[in-house]
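The chain contents come next:
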Amino acid sequence: MSFAQLIGDWHALAVLFVAGVVPNQIWRMLGLWFGGGIDEGSELLVWVRAVATAILAGVIAQIVVEPPGALATVPDVLRYGAVGAGLVVFLLTRRSIFAGVVTGEVFMLAGKWWLG
């Protein structure tokens, strides 16, 4: 397989990079610059963390209840089990969102693989 076959149309990748990555990086750099002096325990950052967690919970709930695309082929029990496993790991790892999300994904992928 050649490199061109592997990545496909490089123009599409360039557009994706310019339209998706560059605007996000600008906001990230501005956030680092403006937020560099903010105390991590401040009320503002506690609120921002709470809003980010609530948004993540809402997106996960929407995806679990009304799954889009190929996720609709995953049985309900497996989807809810993945959420449960992710929640347990989230609570056991001192509220690590990363650990909870990764656990839920691994649980669902392993369950789908096992079911065929």
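Residues numbered from 1 in each chain as written. Predicted model: local features only at pLDDT ≥ 70, side-chain atom pairs only at ≥ 80, totals over all residues. Heavy atoms only, no water.

## Details of the overall build of the protein chain
Counting its secondary structure elements, the protein chain contains five helices and zero strands. When the helices and strands of the protein chain are placed in sequence order, the string is α-α-α-α-α. Rg of the C-alpha trace for the protein chain: 19 Å, well past the compact-globule value of 13 Å for 116 residues, more than 25% over. Dimensions of the protein chain along its principal axes, counting C-alpha atoms only, are 50 × 45 × 25 Å. Look at the contacts in the protein chain between residues 6 or more apart in sequence, and 37% of them connect residues 24 or more apart. (Helix = DSSP H or I, 4+ residues; strand = E, 2+ residues; numbered from the N terminus. Rg over C-alpha atoms; globule rule 2.2 N^0.38 Å. Contact = heavy atoms within 4.5 Å.)

## Details of the packing of helix H4 (residues 76–92) against helix H5 (residues 97–115)
At a minimum axis distance of 7 Å, the contact between H4 and H5 shows a crossing angle of 150 degrees. The orientation of H4 relative to H5 falls into the category roughly antiparallel. You can see that H4 and H5 cross each other, and the crossing is right-handed. Taking contact as the criterion, the partners of Leu-78, Arg-79, Gly-81, Ala-82, Ala-85, Gly-86, Val-89 and Phe-90 in H4 are, on H5, Ile-97, Ala-99, Gly-100, Thr-103, Gly-104, Phe-107, Met-108, Gly-111, Lys-112 and Leu-115. A per-class count over the contact of H4 with H5 returns ten nonpolar, six polar and two charged. (Axes fitted to C-alpha atoms, helices over the stretch in contact; angles between N-to-C directions. Parallel < 35°, antiparallel > 145°, perpendicular 65-115°, else oblique. Left-handed = near helix turned anticlockwise from the far one by under 90°. Nonpolar A, V, L, I, M, F, W, Y, C, P; charged D, E, K, R; others polar.)

## Concerning the environment of Val-101
Residue position: Val-101 is located in helix H5. Val-101 gets classed as partly exposed once you look at its relative accessible area, which sits at 29%. (Buried < 20%, exposed > 50% of the residue type's maximum accessible area, 1.4 Å probe, protein only.)

## Side note on the nonpolar core
Among the nonpolar cores identified, the biggest contains five residues, and these are Leu-71, Val-74, Leu-78, Ala-82 and Met-108. When neighbours within four sequence positions are excluded, Val-74 is seen to be in contact with Arg-79, Met-108 and Lys-112. (Core = buried A, V, L, I, M, F, W, Y, C linked by side-chain atoms within 4.5 Å.)

## A few points about H5
The end-to-end C-alpha separation of H5 is 27 Å, in line with the 27 Å expected for 19 residues at 1.5 Å each. Residues of H5 that are buried include every one of Ala-99, Gly-100, Gly-104, Met-108 and Gly-111, and no others. Summarising the axial view, the buried residues of H5 lie within an arc of 160 degrees, below the 170-degree limit, and thus occupy one face. Exposed side chains of H5 directed beyond 90 degrees from the buried face belong to Phe-98, Val-106, Leu-109 and Trp-113. (Expected span 1.5 Å × (residues − 1). Arc of directions from axis to C-beta.)

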